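For reference, the chains in residue letters:
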Amino acid sequence: HESGEHISVPNEIKFEIPYIFSIESVWETLQQVLSDVLSEYIDFDNLLDTSSFGSSSISHSNDYTNRPSLIDFSQYLTKRAPPRSQQIPRLFEFSQSAQYNSMTLYLQEQNCFVLKQEASTTKQRTTTYKQYVCKPNYRNITAVHDILQRIIEDIDTNYKLHTTKRILDRKLTLFIRDRFIGRVIKDIRDSAQLSSSLSSTITDRNRLIELIPSVLQKQLELSIPILQSTYLIFKSCEELCALVKCLPPYADDFCQAIVDLLFKHRESCNKLFLSIVEKTDSLGVSIYSNEWVKDPDINRHLRTMPAFDAFIRMTKQEHLINNNNEDDNVENIRFRQTKETETLLINFSQNEMSIDDICTNYKHITVLATIHESLDWLYCKLVHYFDILDKCSNDTKYLDALTQTTVKLGFTTRSIKQNSSHYDQLKLSRINLEIFSNAMKTTLTLSYDILLVLFLEIRLHCFYYLSLFFRNTFHYAYAIDTDLDENIMALNRDLTHLQETLNSSLNEKKFSFLFQGLGFVLATILIRSSPRFNRINELGVTKICRNIFAIEQTLTQIRTVGDAELMRAHQYYELLYAIKPEDILHIIEEHGQEYSEQDYLHLLQLQSRSLSSDERENFDLSKYEQLVKTAFNPKVKNSN
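Values in this document were obtained by computation on a predicted structure and should not be read as measured data. Along each chain, residues carry numbers from 1 onward, in the same order as the chain's sequence is written. Only residues with pLDDT of at least 70 get local features here, since the model is predicted, and only at 80 or more are side-chain atom pairs given and counted; chain-wide, interface and lining totals rely on the full set of residues. Note that the side-chain values use all heavy atoms of the structure and ignore hydrogens as well as water.

K.L.:
What is the right way to look at the packing of aromatic side chains in this model?
P.N.:
The way to describe two aromatic rings as a pair is by their centre distance and the angle between their planes. Geometry of aromatic contacts follows a simple scheme: Phe, Tyr and Trp rings, the Trp one being its six-membered ring, pair when their centres are within 6.5 Å, and the pair is stacked under 30 degrees between planes, edge-to-face over 60, tilted otherwise. Per the stated rule, a full pass over the model turns up 17 aromatic pairs. With 5.3 Å between their ring centres and 90° between their planes, Tyr572 and Tyr573 make a pair best called edge-to-face. Partly exposed residues are those whose accessible area sits between 20% and 50% of the maximum for their type, while under 20% is buried and over 50% is exposed, using a 1.4 Å probe and protein chains only. Classification of Tyr572 by relative accessible area gives buried; the value is 0%. Judged by centre distance (5.1 Å) and plane angle (65°), the rings of Tyr572 and Tyr595 are edge-to-face. Of the two residues, Tyr572 sits in helix H20 (residues 564-574) while Tyr595 sits in the loop between helix H21 (581-591) and helix H22 (597-610), which places them 23 residues apart along the sequence. The criterion for a charge sitting over a ring is simple: Lys NZ or Arg CZ within 6 Å of the ring centre, and within 35 degrees of the ring normal. We note Arg459 situated over the ring of Phe455; from NZ or CZ to the ring centre the distance is 3.7 Å. Strands here mean DSSP runs of E at least two residues long; helices mean DSSP runs of H or I at least four residues long; both are numbered from the N terminus.

This is the structure we're talking about:
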């Protein structure tokens, strides 16, 4: 400018831009787009044609079951020549090629899937494929739920939308509540092979007693096999626990599904258990061992028996490194065995037993042991998950421990990582946790009831064969040989079969629990049954001592250690070799009171009955009985 005037230029130029889209419209559009994409990938409208890839899914399954053989060898094993196909052979065959066998498999690998076609009047039908990032599946919601929930929270933080504008939140809640939960629980029930009705057909029973494959047994690091059905129930419960972590707001629904699975499986196992222990000819009547166990008062008493109580305490403390076995000294063991045997003998001696009162089918014994081990394994596995859920009610951060390994939830296997803030939405009521706990307790109760039945069954077998032995004692008065008794040999064979059966069906500790103290029971029965001998001669004494020695050898083979209790029974009958009763009194003075007062009195009475009429006149039984009583009660002698 010629005039030299200075014109100032503003530092900041402001342009006024008109609002084309409101912020509410932006958030609403974003939700609508995400909702539409979500609908496609969770197959919300069921538009995917599953029939085109349903058959090929089995071959790509990682499960060891339902896997067909890769090559059919049947045509090479038949005598007749296989029929030849009338079709014209193709010039090129790609069945063994590394490439894809069909266009359908290729498109599936490329995540192209067929859409369902509308019913058309035209004859020509075209197949429509659509490209996806991954295979659409309703379980994909577990992979994106956490992210979508955070998006919804971000929208709520930035702008308060009207309830009708919350499109994504409404779609997500509607799908999970009305479609996903019911469908996923149904699929999990189907994968657990849990029938809706507990029918008693042979097919269902055979399916229920099927064992897991040996390969899976090694993977689980199990020394003995468990039921396939129990394993499937556990995997289903494990999957439901993973869903609790993925969808914390719906934890109550999945917890109720776990409880339902446990109750149904417990009911199935209980029905299988009753089909074994109940007599076929008498409705509602069981073998002796189960009749005692199912009685509430007797069951409660049996659980307080020293042997069972010690076993339970041992199982609870086996995880402790410093386990003090102060209660396992000789005196306490003998006290427990005496109390236990007295309880059993009181019930055993009430009436005579028949062969129908015991379980003689060793396959049934195996099934009972397997049911016990399976239910016990299931309980121990689920305790871990229950403890985590219980802790989560106070601190949701423990949800991270629910799935320590990768869990397959219908999409590509991934490690489940969640946003910790998402855990705050956990909805798990205390009532459902208590029901879960009760379901596990009923499962454990049935498991221990079966173990008690096996515990009693072994002892009932011993009592049954020994009762047969003592029914025919008249020939011991005139024994001419020292051969083993047939009933004793039958008892030894039965104990050997039980040992072989249970050794392959129970772990070492439970097997030891069942046979521990058995020698004490046998010795007590043999000693207490001495009054059942009317008379006995010297060869008869030798014969019964040989029988006891044979039983002792069988128990030594079972437990691989000698049983001193049967040696006591052996020495008890050897006292009959004493020519004079004074010899028995001298043994009491020298070696102490090894038997009860009543046992010594029975021995003197048997010796008196075995004497001839002439010898009996010089045998003052009442005198010797008084001497035995005095030896056991010296205070009575001093007071006199």
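Past the structure itself, the notes keep going.
K.L.:
Even after reading the chapter, I still don't get the confidence of the model for the chain, so can you show me in this structure?
P.N.:
Where the model shows low pLDDT, its predicted coordinates should not be examined in detail. For the chain, per-residue confidence averages 77 on the pLDDT scale, and residues scoring 70 or more make up 72% of the total. The weakest mean pLDDT in the chain belongs to helix H2 (residues 74-77) at 51; the strongest belongs to helix H16 (residues 486-503) at 94. Per-residue confidence from the prediction method is given by pLDDT, with values spanning 0 to 100. Note on contacts: a residue pair qualifies if any of its non-hydrogen atoms lie within 4.5 Å across the two residues. Confidence drops under a pLDDT of 50 for residues 319-326, and excluding neighbours within four residues, the segment shows 2 contacts in the predicted structure.

K.L.:
Got a minute to help me understand helix H17 (residues 508-515) in this structure?
P.N.:
Along an α-helix, a turn takes 3.6 residues, which lines up residues three or four apart on a common side. Taken together, the buried positions of H17 are occupied by Lys510, Phe511, Phe513, Leu514 and Phe515. Backbone geometry just downstream of H17 places Gly517 in the positive-phi region, at approximately 80°.

K.L.:
Sorry if this is basic, but what is going on with the environment of Asn492 here?
P.N.:
Secondary-structure assignment places Asn492 in helix H16. Judged by its relative accessible area of 11%, Asn492 is buried. Along the backbone, Asn492 and Glu552 are 60 residues apart, and their C-alpha atoms lie at a distance of 9.5 Å.

K.L.:
Is there a simple way to explain the packing of helix H4 (residues 141-158) against helix H5 (residues 167-191) in this structure?
P.N.:
Two measures define how a pair of helices packs: the angle their axes make with one another and the distance between the axes. In contact at an axis separation of 10 Å, H4 and H5 are set at 150° when each is read in the N-to-C sense. By crossing handedness, the relation of H4 to H5 is classed as left-handed. Of the residues in H5, those in contact with Ile141, Thr142, His145, Leu148, Gln149, Ile151 and Ile152 of H4 are Leu168, Asp169, Leu172, Phe175, Ile176 and Phe180. Lys, Arg, Asp and Glu make up the charged group, whereas Ala, Val, Leu, Ile, Met, Phe, Trp, Tyr, Cys and Pro make up the nonpolar group; the residues left over, Gly among them, are polar. Considering only residue class, the contact of H4 with H5 consists of 9 nonpolar, 3 polar and 1 charged. Axis definition: a line fit to C-alpha positions, over the contact stretch in the case of helices; interaxial angles, taken between N-to-C directions, run 0 to 180 degrees. Note: crossing handedness is left-handed where the near helix turns anticlockwise from the far helix by less than a right angle, and right-handed where it turns clockwise.

K.L.:
Would you mind showing me how to read the pattern of salt bridges here?
P.N.:
Any two side chains of opposite charge can pair, on the condition that their charged atoms come close. Salt bridge, as applied in this entry: a Lys or Arg side-chain nitrogen positioned within 4 Å of an Asp or Glu carboxyl oxygen. Counted under the stated rule, the structure contains 13 salt bridges. The shortest N-O distance in the salt bridge between Arg139 and Glu239 comes to 2.2 Å. Here the residue Arg139 occupies a position in the loop between strand E2 (129-131) and H4, and Glu239 occupies one in helix H8 (residues 228-246), the gap between them amounting to 100 residues. On the basis of relative accessibility, which here comes to 11%, the residue Arg139 falls in the buried class. The buried category is assigned to Glu239, whose relative accessible area is 13%. Note that Asp390 is salt-bridged to Arg430, the shortest N-O span being 2.8 Å. Of this pair, Asp390 sits in helix H14 (residues 362-392) while Arg430 sits in helix H15 (residues 430-471), and the two are 40 residues apart along the sequence. In this structure Asp390 comes out as partly exposed when scored by relative accessible area, which is 26%. We classify Arg430 as partly exposed; its relative accessible area is 40%.

K.L.:
In this structure, what is going on with the environment of Ile558? I would like to understand it.
P.N.:
Assignment of secondary structure puts Ile558 in helix H19 (residues 538-559). Each C-alpha atom of the pair Ile558 and Phe515 lies 8.3 Å from the other, and the pair is 43 residues apart in sequence.

K.L.:
Honestly, empty space enclosed by the protein in this entry has me stumped. Any pointers?
P.N.:
Leftover empty space is mapped by rolling, across the atoms, a probe with the size of a water molecule. Method remark: on a 1 Å grid restricted to protein atoms, a set of points is classed as a cavity if a 1.4 Å probe fits but cannot get out and as a pocket if it is open with protein on both sides within 12 Å along at least five of seven lines; lining residues have an atom within 4 Å of a point. Grid points are joined across faces, edges and corners, and a volume is the space filled by probe spheres set on the points. Under the definition given, this model contains 1 cavity of 30 Å³ or more. In this structure, the largest cavity spans a volume of roughly 30 Å³. Along the walls of the largest cavity sit Gln31, Ile152, Ile155, Asp156, Leu161 and Arg166, which together make up its complete lining. Examining the composition of the lining of the largest cavity, we find that 3 residues originate from one element, H4, more than from any other. When the residues that make up the lining of the largest cavity are grouped by side-chain class, the tally is 3 nonpolar, 1 polar and 2 charged.

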